[in-house]
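Coordinates in review
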Amino acid sequence: MFSKILIANRGEIACRIIKTARRLGIATVAVYSEADKDALHVEMADEAILIGPPAAAQSYLVIEKIVAACKETGAEAVHPGYGFLSERAAFAAALEEAGIVFIGPNRKAIEAMGDKIESKKFANAAKVSTVPGYLGVIETPERAAEIADEIGYPVMIKASAGGGGKGMRIAHSRLEVAEGFARARSEAKSSFGDDRVFVEKFIVNPRHIEIQVLGDKHGNVIYLGERECSIQRRNQKVIEEAPSPLLDEATRKKMGEQAVALAKAVNYDSAGTVEFVAGQDRSFYFLEMNTRLQVEHPVTELVTGIDLVEEMIRSAYGQKLRMTQADVKLTGWAVESRVYAEDPTRNFLPSTGRLVKYRPPAEGIFDGVTVRNDTGVFEGGEISIHYDPMIAKLVTHAGDRLTAIEAQARALDSFVIDGIRHNIPFLSALMQHERWRAGRLSTGFIAEEFPEGFSPLVASGEIAHVMAAIATHVDHVLNVRKRAISGQLRAQGTLRFQLRRAVLLGKQRYDVEVVGGGAALDIVLAEGRSLRVASDWTPGEPVWSGTVDGVEMAAQVRPILNGFTLAHRGVSVDARVYTRREAELAALMLERKGADNSKALLCPMPGLVKTISVHVDQEVKAGEPLCMVEAMKMENVLVAERDVTVKKILAREGDSLAVDAVIMEFA
Amino acid sequence: MKQMLERLDRRRARARLGGGEARIKAQHAKGKLTARERIELLLDHESFEEFDMFVEHRCADFGMEKTKIPGDGVVTGWGTVNGRTVFVFAKDFTVFGGSLSEAHAQKITKIQDMALKNRAPIIGLFDAGGARIQEGVAALGGYGEVFQRNVLASGVIPQISLIMGPCAGGDVYSPAMTDFIFMVRDTSYMFVTGPDVVKTVTNETVTAEDLGGASVHTTRSSIADRAYDNDVEALLQTRRLIDFLPASNTDDVPLLPSFDDPDRIDMSLDTLIPDNPNKPYDIKELIAKIVDEGDFFEIQEAHAKNIVTGFGRIEGRTVGIVANQPMALAGVLDSDASRKGARFVRFCDCFNIPIVSFVDVPGFLPGVAQEYGGLIKHGAKLLFAYAEATVPKATIITRKAFGGAYDVMASKHLRGDINLAWPTAQIAVMGAKGAVEIIFRADIADPAKIAERTAEYEARFLSPFVAAERGYIDEVIMPHATRKRLSRVLAMLRNKKLENPWKKHDNIPL
């Protein structure tokens, strides 16, 4: 076995690879940019080599620097992780030349699968199901209609040179084909200067399902079941699971065997993923093959019990696969959420800054439920603008899908992140979503279910009752403690507080009565409904965890004036627990109007002001750009929300701004 | 007998109605509570013992003898906040607009005398129209009696004022002499002369809100220490403040059982100080991670944000925290920050509250406006306050401690009991660039030499070790161990005995 390997990556994947290497007794070398000098992967590795400035193009993407780092440290092999150099044939070649092993597939396989047309050819040759269509040039609408008849409706007419939806038409009938053909052609001509179009089957409500394959250098390839990654936002996967709720055993086998056939056709000898698009009728068609470890590989690891990184290392070293297809058993269900530093309530704008608090849920196996958190950050660390905003991958595994989803929801509820904005509220809301729970997925899920973007859920029904009960418990604990202060008037503990209370969740009032004490409280809600709440929560703990009527629950508790914000299952609400009298008097208070920010443009995220598009006294119409702020290499154009006149510009180009910093004021 | 009991009940019921249903309704319509409702929220359930409910005014001019309302516009008494005694008076706007008569003033002074004699905090709730004009000089005399008692009680018992409605003219000076003033946004204002008089005298047009609203007094004038959105919020937060305060200057700080391990290590503090010395960081993160359960009651949050002051607890016992805030004006000391810090330090010293100072200060703010504004005297107030304080003083230098500001911020030389520094501390006369340009003025034309000298200076002086070598710093500590070290230090200092020489009183540079 190798005695030392280098990990040509950063973040959670570098940490995850180091863990396996360490378990195998292999020494590890990390590489890092200047921005990552305090990063977790550097801390975890046995050695670390600085490879340049923060920009990936000058550090993590520079092949010579990685090769030099290997030579300097004597690393015998390199694991590329995902992204960066993981699918660059030139990198594999450079390592080969330097006599260093690439922990991944052979160079030819990377090249073959890296080319869209080439990979389709291999797929056809290997009898892998591909999207039915006609790839030749079509001259007339009549010919297009004939082809469409053959393929079956609906079909998509696409520009050969296309991209970005331009020159694309969906047709459900002969008539629509004829019409769409002409339009697609003219659009293609005007957009790309090339009027060639082709026709292929259009898959309605497609799902993204991929097969994990694993090969060795001895011609063996097996498949490790599928993952479904249909929950995507703008082609970015958000939630992944294994297995897929769509597939049956027969389809799984058919897909798996096709994936293996394709892998064998290119002598695939590592871990790889064959991606398919699937129809709701379980039809499936090859999309592409990713010749690397996928971000979402942990779900496969949890249902198969196989450490994919370990198998990659063994294969790269030349060992034979230790299992056959018959040994592969899928057990239970695994769900993964990608925790991103992005603000779901502000159209998922990236968020950067210091992780003032970072307390992921406890990892391990509890009552048959596995919680795993792959991360590359730590409390007090920094989410920088230079790289991917992923903070962690939270994975739960249980005997069945709903139990795994419940476990995921609970784990998200106890995942504390402060200092930056993150998408946990959105992930929690997804976990509560009926359609997700029912497994009725498609890649359009998020666009269809959240057409207006995301706003936090409002407490209602059972969740509201549970939250009212938790709020009452928190308040009770605080009250008991307050009554223990020194210096009281009466020597005997005659001071009690009222147990009939009113819980305000936002403006919604729930009258409750606390019965009992000690280990569990019975919290009586309206109509005699009673919830038994037990928890060892103490003041100051950011996570309340305990049971409500015997069901394990978690919620986050953040103190605010006279109360606390309670976050649970995608709901975040200001909770205030009053006596009935206090609630009665509080109801007399007038609503304050919030500070008027419409007279100023506030920076929506921490970032760098790249350009200011207006000048003082300029009249700007609603929708016109005011300035551009760059964060995480993303350019964010800030537009006027209404017609305004610029009164004062406070920020200058090149300024680094914090969130809510005033950029300009309007008259 | 029964009849007599019933008569008491009837008289009580009438007194409790104050100015009557219509006025109570009007009060509620403005989003304000009545005096008795406010007291109900402020005190523990059923703990209020009212005094002088039947007092009426004795004015016979201008037809006043025909309108008498029991209580005469102020509700007074005592009760408990989480079991601890407090005295309270609340102006009743529904009775004569809460205006002050001789009898009204006597009710207040009675409570003030009792609070002082019995060594318990006094809380005044203000919502009133000033002096009762009809009573003339008798009302003025009443004010004077109240003021005198405010002054005698100052530094003996905590005095807190809540402004929950109008507070103008003579009414403003009693709150002004108390320790803390809280205001309610939108419904309260404070000024000596109102918008009408201002218009007549100076021809300035200004609204009551812009002249003396909560926003003005918490940000600009610093008259008020906190502003709250409504009566309920203000009253419940006052309860929270009381939990931090000792009953008097002869009492210990209260002990609230804590669930937070005093030896808790916080590794994230090791990365709090940015690599770039010019980059700010939020000192409130440090405070929140040091105090019990992250519970910090900030005083004057909106004013002079370059210094943070407030109360927290360590091992369940109250500490006063003073910290330079790099996020605002780089944490520099200016006139406002100096005055804010000084007043807070003196409050802590009055009431046996140990002072923890977190220092990251680049110096005093230069500038014409500052010098003309009396920075020397204002800065001297903070220096004076720290130097005279005899309570336990623990100081932690996190980063910069430059120049005279180093001395001021509870340094060893001002009888700091325990002075600690993080390894990131830079204790020096000034930053490297300025120092090198003065010391090596001859080399100023040679950038290479200057750079070399700067590096030398940084290596030698921008560290805690020069100060530590002299014993100005007792120990250089790991940031992650700050809470643990601090809690041990404060425990050790609990029996500290230190007295200043006898004097009638000092002469702080006002």
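Turning our attention to the overall build of chain B. In terms of helices and strands, chain B carries 19 helices and 17 strands. The C-alpha atoms of chain B give a radius of gyration of 26 Å, which matches the 24 Å a tight globule of 510 residues would have. Over its C-alpha atoms, taken along the principal directions, chain B stretches across nearly 95 × 55 × 45 Å. Expressed as a percentage of the 510 residues in chain B, the buried residues total 55%. Summarising the internal contacts of chain B: among those between residues at least 6 apart in sequence, 73% fall at separations of at least 24. On chain B, the mean spot of the 63 positive side-chain charges and the mean spot of the 67 negative ones are 4 Å from each other.

Assigned secondary structure in chain A consists of 17 helices and 40 strands. Taking 667 residues into account, the globule formula puts the C-alpha radius of gyration at 26 Å, and chain A, at 28 Å, falls close to it. Referenced to the eigenvectors of the C-alpha coordinate spread, the extents of chain A come out at roughly 90 × 65 × 50 Å. Considering chain A as a whole, with its 667 residues, one finds that 55% of them fall into the buried category. Carbon and sulfur atoms provide 51% of the accessible area of chain A, an area that totals close to 28400 Å². Treating the 81 positive side-chain charges of chain A as one cloud and the 89 negative ones as another, the clouds have centres 3 Å apart.

If you look at the biggest cluster of nonpolar residues, it comprises 72 residues, and the most contacted ones within it are Leu125(B), Leu162(B), Phe311(B), Leu333(B), Tyr386(B) and Ile397(B). Listed in part, the 39 residues of the second largest apolar core include Val238(A), Ala404(A), Met431(A) and Leu441(A).

Within the secondary structure, Arg226(B) is located in strand S9 (residues 226-228). At 2.8 Å, the side chain of Arg226(B) forms a polar contact with the backbone oxygen of Glu298(B). Every residue in contact with Arg226(B), bar those within four places of it in the chain, is listed here: Leu561(A), Ile181(B), Phe182(B), Met183(B), Thr218(B), Phe297(B), Glu298(B) and Glu301(B).

With that settled, consider the packing of helix H12 (residues 401-413) of chain A against helix H13 (residues 424-432) of chain A. Residue and element names in this part refer to chain A. With their axes 9 Å apart at the nearest point, H12 and H13 run at an angle of 155° to one another. Between H12 and H13, the interaxial angle falls into the category roughly antiparallel. For H12 against H13, the interelement crossing comes out left-handed. Contacts between H12 and H13 involve Ile405, Gln408, Ala409, Leu412 and Asp413 from the first element and Ile424, Leu427, Ser428, Met431 and Gln432 from the second. Residues belonging to the contact of H12 with H13 are distributed by class as follows: six nonpolar, three polar and one charged.

For the rest of this paragraph, the subject is the pattern of salt bridges. Side chains carrying opposite charge are able to pair once their charged atoms draw close together. Tallied over the entire structure, the rule returns 89 salt bridges over all chains. For Glu379(A), the salt bridge is made with Arg359(A), and the minimal N-O distance between the two is 2.7 Å. Residue Glu379(A) is located in the loop between strand S21 (369-375) and strand S22 (382-383), and its partner Arg359(A) is located in strand S19 (residues 357-359); the two are separated by 20 residues in the primary sequence. Classification of Glu379(A) by relative accessible area gives buried; the value is 15%. With a closest N to O distance of 2.8 Å, Arg239(B) and Asp44(B) form a salt bridge.

The subject of this paragraph is the interface of chain B and chain A. Taken together, the 45 residues of chain B in the interface contact 34 residues of chain A. It is Asn82(B), Phe259(B) and Glu293(B) in chain B that bury the most area against chain A; as a group they hold 16% of the surface buried on that side. Where chain B touches chain A, the interface holds five salt bridges. Across the pair Arg581(A) and Glu40(B) runs a salt bridge, and its minimum N-O distance is 2.7 Å.

This paragraph deals with the sheet that holds strand S33 (residues 600-602) of chain A. All names here are of chain A. As summarised here, the arrangement of the four strands in space is S33-S40-S38-S35, forming an open sheet in which the pairing is antiparallel. Where the open sheet ends on each side, the last strands, each with one partner, are S33 and strand S35 (619-620). Judged from the two bridges that link them, S35 and strand S38 (residues 644-649) form a sheet pairing that is antiparallel. The partner of valine 620 across the bridge, within S38, is valine 644.

To continue, consider the pairing of strand S15 (residues 333-340) of chain A. Consecutive side chains along a regular strand alternate between the two faces of the sheet. All names here are of chain A. Summarising burial for S15: eight of the eight residues are buried, a large majority. Neither face of S15 is left uncovered, since the one carrying Trp333, Val335, Ser337 and Val339 and the one carrying Ala334, Glu336, Arg338 and Tyr340 both have all their residues buried. Of the strand pairs in this sheet, strand S12 (residues 236-242) and S15 are connected by four bridges, and their pairing is antiparallel. Each residue of the ladder has a partner; that of isoleucine 239, found in S15, is serine 337. The pairing of S15 with strand S23 (residues 390-398) spans eight bridges and is antiparallel. Within S23, the position partnered with glutamate 336 by the bridge is valine 395.

Another point: the environment of Glu40(B). Counting through the fold element by element, Glu40(B) comes out in helix H3 (residues 35-42). For Glu40(B), a relative accessible area of 39% puts it in the partly exposed group. In this structure, the C-alpha to C-alpha distance between Glu40(B) and Glu204(B), residues 164 residues apart in sequence, is 40 Å. In terms of polar contacts, Glu40(B) uses its side chain to reach the side chain of Arg581(A), at 2.7 Å.

Residues and elements named next belong to chain A. Between helix H1 (residues 11-23) and helix H11 (residues 308-317), whose axes approach to 9 Å, the crossing angle comes to 65°. In terms of crossing hand, the pair formed by H1 and H11 is right-handed. Each of Arg16, Ile17, Thr20 and Arg23 in H1 lies in contact with H11, whose residues at this interface are Leu308, Val309 and Glu310. Classifying every residue of the contact of H1 with H11 by side-chain character gives three nonpolar, one polar and three charged.

This next bit is on helix H10 (residues 297-304) of chain A. For H10(A), the buried fraction is high: eight of the eight residues fall into the buried class. Along H10(A), the residues that are buried comprise His297(A), Pro298(A), Val299(A), Thr300(A), Glu301(A), Leu302(A), Val303(A) and Thr304(A).

Hydrogen bonds between backbone atoms are what pair the strands of a sheet, whose relative direction is either parallel or antiparallel. All names here are of chain A. What the nine strands build is an open sheet, ordered S14-S13-S10-S11-S12-S15-S23-S21-S20; its pairing is antiparallel. Both edges of this open sheet fall to strand S14 (284-290) and strand S20 (364-366), since each of them pairs with a single strand only. Strand-to-strand twist of the sheet, defined as the mean angle between neighbouring strand axes without regard to direction, takes the value 25°. Bridge analysis of strand S11 (residues 221-233) against S12 gives four bridges, and the strand direction is antiparallel. Within S12, the residue paired with glutamate 228 across the bridge is glutamate 241. Packed onto the sheet, helix H9 (residues 249-265) meets strand S10 (207-215), S11, strand S13 (271-278) and S14 and runs at close to 110° relative to S11.

Examined at the domain level, chain A breaks down into domain 1 (4-103), domain 2 (132-201), domain 3 (207-331), domain 4 (337-448), domain 5 (461-586) and domain 6 (600-666). Its C-alpha centre places domain 3 of chain A at a distance of 46 Å from the equivalent point of domain 6 of chain A.

On the surface, a cluster of positive charge is contributed by Lys599(A), Arg642(A), Lys647(A) and Lys648(A). With respect to the element layout, Arg642(A) can be found in the loop between strand S37 (634-639) and S38.

Residues and elements named next belong to chain B. Among the five residues of strand S4 (residues 122-126), five are classified as buried, and the element is accordingly described as predominantly covered. Side chains of S4 alternate between two faces, with Ile122, Gly124 and Phe126 and Ile123 and Leu125 buried alike. As paired elements, strand S3 (residues 84-91) and S4 share four bridges and run parallel to each other. Residue pairing across strands places phenylalanine 87 opposite isoleucine 122, the latter belonging to S4. A crossover connection joins S3 to the parallel S4 through helix H4 (residues 102-118); in handedness this β-α-β unit is right-handed. Across five bridges, S4 lies against strand S5 (residues 159-163) in parallel orientation.

Residue and element names in this part refer to chain B. There is a patch of nonpolar side chains on the surface, built from Met1, Met4 and Leu5 and spanning about 380 Å² of accessible area. Note on placement: methionine 4 falls in helix H1 (residues 2-16). With a relative accessible area of 56%, methionine 4 lands in the exposed category.

Calculation criteria
- Residues numbered from 1 in each chain as written.
- Chains lettered and ligands numbered in written order.
- Predicted model: local features only at pLDDT ≥ 70, side-chain atom pairs only at ≥ 80, totals over all residues.
- Heavy atoms only, no water.
- Helix = DSSP H or I, 4+ residues; strand = E, 2+ residues; numbered from the N terminus.
- Rg over C-alpha atoms; globule rule 2.2 N^0.38 Å.
- Buried < 20%, exposed > 50% of the residue type's maximum accessible area, 1.4 Å probe, protein only.
- Contact = heavy atoms within 4.5 Å.
- Lys, Arg positive; Asp, Glu negative; His and termini not counted.
- Charge placed at Lys NZ, Arg CZ, Asp CG, Glu CD.
- Areas by Shrake-Rupley, 256 points an atom, 1.4 Å probe, with all protein chains shown as cover.
- Core = buried A, V, L, I, M, F, W, Y, C linked by side-chain atoms within 4.5 Å.
- Polar contact = N/O pair within 3.5 Å; in protein donor to acceptor, adjacent residues only side chain to side chain.
- Axes fitted to C-alpha atoms, helices over the stretch in contact; angles between N-to-C directions.
- Parallel < 35°, antiparallel > 145°, perpendicular 65-115°, else oblique.
- Left-handed = near helix turned anticlockwise from the far one by under 90°.
- Nonpolar A, V, L, I, M, F, W, Y, C, P; charged D, E, K, R; others polar.
- Salt bridge = Lys/Arg side-chain N within 4 Å of Asp/Glu carboxyl O.
- Buried area = accessible area lost by both parts, 1.4 Å probe.
- Pairing = 2+ DSSP bridges.
- Domains from an automatic or database assignment.
- Patch = residues over 30% accessible without salt bridge, like charges linked within 9 Å, V, L, I, M, F, W, Y side chains within 5 Å.
- Right-handed = clockwise from strand over helix to strand, strands pointing away.

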